Amino acid sequence: MPQSARPNQFALLGQRRFAPFFWTQFGGAGNDNLFKFAFTVMVAYRAEAASALSTGLMVNLIAALYILPFVLFSATSGQLADKYDKAVLMRRVKTLEIAIMALALWGFVTANVPALLACAFGMGLHSTLFGPAKYAYLPQHVNSAELTGANGMTEMGTFVAILLGNLAGGLVMTFDRGPLIAGLACVAVALLGWTAARFIPPTAAVDPQLRINWNPFTETARNLRLAAADRTVLQALLAISWMWFYGVAFLTQFPVFAKDVLGGNEAVASLLLAVFSIGIALGSVACEWLARGRVEIGLVPLGAIGMTAFGIDLYFATLHLPHEAVLQDVLPFVRDPAHWRVMLDLFLLSASAGIYSVPLYALIQHHTPATHRSRVIAANNILNAIYMVVCSGYCAALLVAGVSVPALLLSVALLNAVAALWLIWRQPLYGQRFLAWARQRA
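Here the residue index of a chain counts from 1 through its sequence in written order. Reporting of local features is limited, given that this is a predicted model, to residues whose pLDDT is at least 70; pairs of side-chain atoms are given and counted only at 80 or more, and all residues count toward the totals for whole chains, interfaces and linings. The side-chain numbers reported here are obtained from all heavy atoms of the structure, hydrogens and water having been left aside.

Digging into the overall build of the protein
- When its secondary structure is counted, the protein shows 15 helices and 0 strands.
- We compute the radius of gyration from the C-alpha atoms alone; for a globule the expected value is 2.2 Å times N to the 0.38, where N is the number of residues. Against the globule reference of 22 Å for 442 residues, the protein gives a C-alpha radius of gyration of 21 Å, in line with a compact fold.
- Taken over the C-alpha atoms alone, the protein extends approximately 60 × 55 × 40 Å along its principal axes.
- Burial classes: relative accessible area under 20% of the type maximum marks a residue as buried, over 50% as exposed, and values in between as partly exposed (1.4 Å probe, protein chains only). Expressed as a percentage of its 442 residues, the buried residues of the protein come to 57%.
- The criterion used for residue contact is that any of the two residues' heavy atoms lie within 4.5 Å. If you take every contact in the protein between residues at least 6 apart in sequence, the share linking residues at least 24 apart comes to 85%.
- Note on areas: Shrake-Rupley, 1.4 Å probe, and residue coverage restricted to the protein chains presented here. For the protein, the computed accessible surface area is about 18000 Å², with 70% contributed by carbon and sulfur atoms. A run of H or I in DSSP becomes a helix once it reaches four residues, and a run of E becomes a strand once it reaches two; helices and strands are each numbered from the N terminus.

Structure representation (structure tokens):
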């Protein structure tokens, strides 16, 4: 494995040990969101896709069906990634993706909503199976000096793919034959991902004698116990799951935030999504430079400070915004200096979230024994799903109680400060490493 005094994370894109893996996971993340957003737009705007359920309920049903496999099958996927060659497993998952997207093509063309709902569950299963292999793959192919950069590149690719998938899903549905184009695009992306996966190098099984426990409930409990056995790893898992709570709170409010608070139309909501996604992507790739080639957990408090500080400033930036009689499109919105502070806060808080999360993933990969690394990552996926569901309930409860969207987001930013202080209290090394990092940078 090549070593260098100063790792260059972008150089990994020219190496077989990383590039095929990167483009495989990039395509999967993009296809997830292309499909989900195209399906959501179809349900919301096309009469032929009408169902007995309201549009709002259908949108939430799509999201729920996508998340459900993470709860049910993460434990099983962690076992599979520990027992088998991860490259082989990823190739089989991409084959499954082609089958799911072929069904989605038929569902889009025939406006068959039950078939498309089945595909939403299927793509959730695809991501569930891929996740543990994805994060456990990296420590087997990059050295510790490259681990932060490789995770930063992976997170950057994921969020750029999410952004492009959402934008493409909305764009193709503006055409008269949008459902057909969406279905064909989903199949094409799946085929490209399958092709990239052919080039992923062999990745030896770490526990080939493992006996698979197919009971998802008992195995989920076992995975959580595995994670809890190491306090350092458990606290990192909880910290990552909190980041997903924080992120989901902001992402789910963008449509209402854009319309009711900023006076913007659907295109403005897409702009906010773009700013947020690019912020996380750039924050993620900045970690390698900030960490100087180390697994540097001192960056976690730095990211947490930004997540709270810019989240608080976002609230104050919305207090005296002008309200137009007609919803603004992107160009008038961007031309208005009153909105620049809002966009800057969103960019900086999301960049801070990238800086916060990447060292935590690297810590888990570096600190967890290879024999059960995938199962610990599966436990992380389970916790992430739980936190996202709790976040949805928390946001819904505040909105029903009459709390404004800016106040809701302010509450999440303040809760983030509490979560960060709890993490430092339970594991003082985070604070110590942050102070040491700050002194070195001074």
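Concerning the nonpolar core
- Judged by nonpolar contacts, the single largest core of 65 residues is most densely connected at Phe250, Phe257, Leu346 and Tyr356.
- Looking at this core, the elements with two or more residues in it are helix H4 (113-137), helix H5 (144-172), helix H8 (231-261), helix H9 (266-291), helix H10 (299-317), helix H12 (340-367), helix H13 (373-400) and helix H14 (405-426).
- Top element by residues in this core is H8. It accounts for 16 residues. Nonpolar core, defined: a set of buried Ala, Val, Leu, Ile, Met, Phe, Trp, Tyr and Cys residues in which side-chain atoms within 4.5 Å join the residues together.

Things to note about the packing of H10 against H12
- Two numbers describe how H10 lies on H12: the axes approach to 8 Å, and their chain directions differ by 160°. What the angle tells us is that H10 and H12 run roughly antiparallel. Pair H10 / H12 crosses with left-handed handedness.
- Basically, the charged four are Asp, Glu, Lys and Arg, the nonpolar ten are Ala, Val, Leu, Ile, Met, Phe, Trp, Tyr, Cys and Pro, and anything else, Gly included, counts as polar. Tallied by class, the residues present in the contact of H10 with H12 amount to 18 nonpolar, 4 polar and 3 charged. Angles shown run from 0 to 180 degrees and are taken between the N-to-C directions of axes, each axis being a line fitted to C-alpha atoms and, for helices, limited to the stretch in contact. Oblique is the label for every angle not falling under 35 degrees (roughly parallel), over 145 degrees (roughly antiparallel), or within 65 to 115 degrees (roughly perpendicular). The handedness criterion is simple: a crossing whose near helix is rotated anticlockwise from the far helix by less than a right angle is left-handed, and one whose near helix is rotated clockwise is right-handed.

With respect to the environment of histidine 372
- Looking at where histidine 372 falls in the secondary structure, it is placed in the loop between H12 and H13.
- Each C-alpha atom of the pair histidine 372 and serine 144 lies 18 Å from the other, and the pair is 228 residues apart in sequence.
- In this structure histidine 372 touches Asp82 and Leu226, once residues within four positions along its chain are discounted.

Observations regarding the pattern of salt bridges
- Salt bridges are counted wherever a side-chain nitrogen of Lys or Arg sits within 4 Å of a carboxyl oxygen of Asp or Glu. Tallied over the full model, the rule gives 7 salt bridges.
- Notably, a salt bridge pairs glutamate 146 with arginine 17, separated by 2.8 Å at the nearest N-O pair. With glutamate 146 in helix H5 and arginine 17 in the segment before helix H1 (19-45), this residue pair connects regions lying 129 residues apart in the sequence. Assigned by exposure class, glutamate 146 and arginine 17 land together as buried.
- A salt bridge links arginine 375 to aspartate 207, with the nearest nitrogen and oxygen atoms 3.4 Å apart. Residue arginine 375 is found in helix H13, and its partner aspartate 207 is found in the loop between helix H6 (178-197) and helix H7 (216-228); the two are separated by 168 residues along the sequence.

A closer look at the confidence of the model for the protein
- Chain-level statistics for the protein give a pLDDT mean of 87 and a share of 94% at 70 or above.
- Note that residues 1-5 has pLDDT below 50 and, in this model, 11 contacts with residues that lie over four places away or in other chains. Values of pLDDT, ranging from 0 to 100, describe the predictor's confidence in every residue of the model.

A look at the side chain of glutamate 97
- Among the structural elements, glutamate 97 can be located in helix H3 (residues 86-110).
- According to the relative accessible area criterion, glutamate 97 is buried, its value standing at 0%.
- Not counting chain neighbours up to four residues away, the residues in contact with glutamate 97 comprise Gly27, Gly28, Asn31, Met123, His126 and Ala190.

A look at a nonpolar patch on the surface
- Exposure above 30% relative accessible area and no salt bridge define the residues that can form patches, which grow by joining like charges within 9 Å and nonpolar side chains of Val, Leu, Ile, Met, Phe, Trp and Tyr within 5 Å. A contiguous nonpolar surface patch, about 270 Å² in accessible area, is contributed by Leu171, Phe175 and Ile181.
- Its relative accessible area of 52% is what places leucine 171 among the exposed residues.

Thoughts on the packing of aromatic side chains
- The criterion for an aromatic pair is that two Phe, Tyr or Trp rings (for Trp, the six-membered ring) have centres within 6.5 Å, with stacked assigned to planes under 30 degrees apart, edge-to-face to planes over 60 apart and tilted to the rest. Within the structure shown, the criterion is met by 18 aromatic pairs.
- With 5.8 Å between their ring centres and 35° between their planes, phenylalanine 18 and phenylalanine 22 make a pair best called tilted.
- Clustering of aromatic rings is evident, with ring pairs tying together Phe18, Phe21, Phe22, Trp23, Phe26 and Tyr137.
- The aromatic ring of tyrosine 66 is capped on one face by lysine 36, whose charged end is 3.7 Å from the ring centroid.
- One Lys or Arg, lysine 94, reaches over the ring of phenylalanine 130 and ends 5.6 Å from the middle of that ring. Only when the NZ of Lys or the CZ of Arg is both within 6 Å of the ring centre and within 35 degrees of the ring normal is a charge said to sit over the ring.

Here's the deal with the packing of H8 against H9
- Packing of H8 against H9 leaves a shortest axis separation of 8 Å and a crossing angle of 155°. Put simply, H8 runs roughly antiparallel to H9. Along this stretch, H8 crosses H9, giving a crossing that reads as right-handed. Contact residues: Gly247, Phe250, Leu251, Phe254, Pro255, Phe257 and Ala258 in H8; Val268, Ala269, Leu272, Leu273 and Phe276 in H9.
- Here the contact of H8 with H9 is built from residues that sort into 11 nonpolar, 1 polar and no charged.

Focus on H14
- Expected span, for any helix, means 1.5 Å times one less than how many residues it has. Its 22 residues place the ends of H14 31 Å apart at the C-alpha level, agreeing with the 32 Å of an ideal helix rising 1.5 Å per residue.
- Every buried residue of H14 is listed here: Val405, Pro406, Leu408, Leu409, Leu410, Ser411, Val412, Ala413, Asn416, Ala420 and Leu423.
- In this fold, the buried residues of H14 make contact with H8, H10, H13 and helix H15 (429-441).

Quick notes on the state of the cysteines
- When the sulfur atoms of two cysteines come within 2.5 Å, that pair is taken as a disulfide. Evaluated as defined, the whole model comprises 0 disulfides.
- No disulfide involves cysteine 119; its sulfur sits 8.8 Å from the nearest other cysteine sulfur, which is in cysteine 186.
- The closest cysteine sulfur to the non-disulfide-bonded cysteine 391 is located on cysteine 395, 3.9 Å from its own sulfur.
- Taking relative accessible area as the criterion, cysteine 391 reaches 0% and is therefore assigned buried.

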